[in-house]
Amino acid sequence: MTTNQADPARSGEKAPLLDVRNIRTSFRTSQGLVYPVDNVSFSLDRGEVVAIVGESGCGKSITAFSVMGLLGDSGRVEQGEIFFEGRDISAMSREQMRGIQGNDISMIFQEPLTSLNPLLTTGYQIDESLRLHKNLSRKQAKEQSIDMLRKVGMPRPEAVYAAYPHELSGGMRQRVMIAMALSCGPKLLIADEPTTALDVTIQAQILKLMQDLRSELGTTIVLITHDLGVVAEMADRVIVMYAGQVVEQGDVYSLFQNPKHPYTRGLMNSTPKIHEIRDALESIRGTVPAPGEMPRGCRFSPRCPRAFDKCRTEAPVLQEFCGNYQVRCWLPEEQEVTLDEH
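All of these numbers come straight from a predicted model, not from anything done at the bench.

(A) Seen up close, the pattern of salt bridges. Tallied over the entire structure, the rule returns 16 salt bridges. The partner of Asp19 in a salt bridge is Arg21, and the shortest N-O contact between them spans 3.1 Å. With relative accessibility at 5%, the residue Asp19 sits in the buried group. Residues Arg46 and Glu85 are paired through a salt bridge, measuring 3.5 Å at the closest nitrogen-oxygen approach. Taken as a pair, Arg46 in the loop between β2 (32-44) and β3 (49-53) and Glu85 in the loop between β4 (75-84) and β5 (87-88) lie far apart in primary sequence, 39 residues in all. On the accessibility criterion, Glu85 (27% relative accessible area) is partly exposed. Overlapping salt bridges, with partners in common, bring together Asp147, Arg150, Lys151 and Glu158 in one network.

Below, the structure written as structure tokens:
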């Protein structure tokens, strides 16, 4: 790990807000060390929305927790660097990270009911962050919390401020989580499945709220989801993860028009499309391998319908493909060889 110094190569006006470089995250288990995130790199420009997609168990949330410094006692980023505004936050102590968590970088967690303290009112929980990071009085924090609840479209914000989490609906709890995450005006918002288990009407309201926050406040957003419809509506770029690695990333239009990795194609083909009529959707056979049980070669090869011998013996690297587009697959190279031979 490097020391907590500004990175001269990334300094200047065009430096990305977040620059994740080749991180490898480990956890201690009863079976030994496992690596749910392995050699992951990506960056975010200010005001950008980047979606991270993939099945459950692909490493999406652990990547976010690595950025937030929320890996607990058993996990750590043991390789690579995470630069935020030029500072290597992966080298920071927990005390240093507390000044960033909830202030410069905030996160909307997947399950609002389990993320909110059932013994405290929602208002107290929003106030806590404001008083910690902004040094506000109790009265000032209350006024700002109620104003933030109003901004996220909460009906009767004063009553919600005084309510306990179990007294609110799922959509209202999710709005409380968003109000908490945005209360200190973060530069980066990480939203982990923000519309999971919500009905379609509430989903649309939450997505509209996030779009408004981006346009009004210039908030940079990492959107973790398995819903490709949400990705198409919200994202500028897409990062596809499989078995702890990035397998494809590029701008949202190129990826949706011409996905190059077989896993990405499988995700696309398993998603219903409004302009197509099918008897049945395609599915990706098998399951994501556990972190301690990775296959040889390409990690997707046991499930890939287009795998050939090289895929089962050699691990592909993430390669540039047409500018800023990246793919971790031997297939484009194999196709080029085949074309050259003819």
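Here the narrative resumes, following the displayed structure.
(B) Highlighting the packing of aromatic side chains. Here the structure, examined in full by the defined rule, presents four aromatic pairs. Ring plane angle 55 degrees and centroid distance 4.7 Å describe the contact between Tyr242 and Tyr263, whose orientation is recorded as tilted. With Tyr242 in strand β9 (residues 237-242) and Tyr263 in helix α11 (residues 262-269), the pair connects residues that are 21 residues apart, well separated along the chain. Considered together, Tyr242 and Tyr263 belong to a single accessibility category, that of buried residues. Ring plane angle 80 degrees and centroid distance 5.1 Å describe the contact between Tyr242 and Phe300, whose orientation is recorded as edge-to-face. Within this pair, whereas Tyr242 is found in strand β9, its partner Phe300 is found in the loop between α11 and α12 (309-313), the two being separated by 58 residues in sequence. Take Tyr242: its relative accessible area is 1%, and that puts it in the buried class. Exposure remark for Phe300: the relative accessible area of 2% places this residue in the buried category. Against the face of Tyr325 rests Lys260, its NZ or CZ located 4.5 Å from the ring centre.

(C) Just empty space enclosed by the protein, in detail. Taken as a whole and judged by the stated rule, the model has two cavities of 30 Å³ or more. Space inside the largest cavity adds up to approximately 90 Å³. Around the largest cavity sit 14 residues that line it, and Pro262, Cys298, Cys304, Cys311 and Cys329 are the ones nearest its centre. In terms of residue class, the lining of the largest cavity is made up of eleven nonpolar, two polar and one charged.

(D) Here's a closer look at the domain arrangement of the chain. What the domain assignment lists for the chain is domain 1 (18-104 + 186-327) and domain 2 (113-185). Taking both sides of the interface into account, the surface hidden between domain 1 and domain 2 amounts to around 1200 Å²; carbon and sulfur atoms contribute 64%. If you sort the residues of domain 1 by the area they bury against domain 2, Asn103, Pro186 and Leu209 come out on top, with a joint share of 38%. If you look at where domain 1 meets domain 2, you find zero salt bridges. In this assembly, domain 1 and domain 2 are joined by two residue pairs in polar contact (both at pLDDT 80 or more). Broken down by element, the residue count for the side of domain 1 that touches domain 2 peaks at five residues, all from helix α8 (residues 200-217). A class-by-class count of the residues in the side of domain 1 that touches domain 2 yields eight nonpolar, six polar and three charged.

(E) Broad picture of the nonpolar core. One finds Leu18, Leu188, Ile190 and Tyr263 to be the most contacted residues of the largest nonpolar core, which totals 94 residues. In terms of residues, this core owes the most to one element, helix α7 (residues 170-182), which gives seven residues. Beyond its immediate sequence surroundings of up to four residues, Leu188 is in contact with Leu17, Leu18, Leu44, Phe84, Asp104, Ile105, Ser106, Thr220 and Val222.

(F) Region of interest: the confidence of the model for the chain. Across the chain, the average pLDDT comes to 86, with 90% of residues at or above 70. Note that pLDDT drops below 50 for residues 1-12; the model gives that stretch 28 contacts with residues more than four away or on any other chain. Counted against residues more than four places away or in other chains, residues 337-342, with its pLDDT under 50, gives zero contacts.

What counts and what doesn't
- Counting restarts for each chain, with residues numbered from 1 along the sequence as it is written.
- The model is predicted, so local features are restricted to residues of pLDDT at least 70 and side-chain atom pairs to those at 80 or more, both for listing and for counting; the totals for chains, interfaces and linings are taken over all residues.
- Here the side-chain values reflect all heavy atoms present in the structure, with hydrogen atoms and water set aside.
- Whenever Lys or Arg places a side-chain nitrogen within 4 Å of a carboxyl oxygen from Asp or Glu, that contact is recorded as a salt bridge.
- The cut-offs for exposure are 20% and 50% of the maximum accessible area for each residue type, with area from a 1.4 Å probe on protein chains only; residues under the lower value are buried, those over the upper are exposed, and the others partly exposed.
- Secondary structure elements follow DSSP: runs of H or I of four or more residues count as helices, runs of E of two or more count as strands, with numbering from the N terminus.
- Centres within 6.5 Å make a pair out of two Phe, Tyr or Trp rings, where for Trp the six-membered ring is used; the pair is then stacked when the planes are under 30 degrees apart, edge-to-face when over 60, and tilted otherwise.
- Each ring is checked for a lysine NZ or an arginine CZ that lies within 6 Å of its centre and within 35 degrees of its normal; such an atom marks a charge sitting over the ring.
- We place a 1 Å grid over just the protein atoms. Points where a 1.4 Å probe fits but has no way out form a cavity, open points with protein on both sides within 12 Å along at least 5 of 7 lines form a pocket, and any residue with an atom within 4 Å of a point lines it.
- Grid points are joined across faces, edges and corners, and a volume is the space filled by probe spheres set on the points.
- Gly is placed with the polar residues, together with every amino acid not listed as nonpolar (Ala, Val, Leu, Ile, Met, Phe, Trp, Tyr, Cys and Pro) or charged (Asp, Glu, Lys and Arg).
- Domains are outlined according to an automatic or database domain assignment.
- Defined in terms of a 1.4 Å probe, buried area is the accessible area two parts forfeit on being brought together, summed over both.
- Each polar contact in these results corresponds to two N or O atoms within 3.5 Å; when the atoms are within protein, one needs to be able to donate a hydrogen and the other to accept it, and residues that are neighboring in sequence are counted only if both atoms are side-chain atoms.
- Working definition of a nonpolar core: buried Ala, Val, Leu, Ile, Met, Phe, Trp, Tyr and Cys residues. They are joined through side-chain atoms within 4.5 Å.
- Any pair of residues with heavy atoms lying within 4.5 Å of one another is described as a contacting pair.
- You can read pLDDT as the predictor saying how much it trusts each residue, on a scale of 0 to 100.

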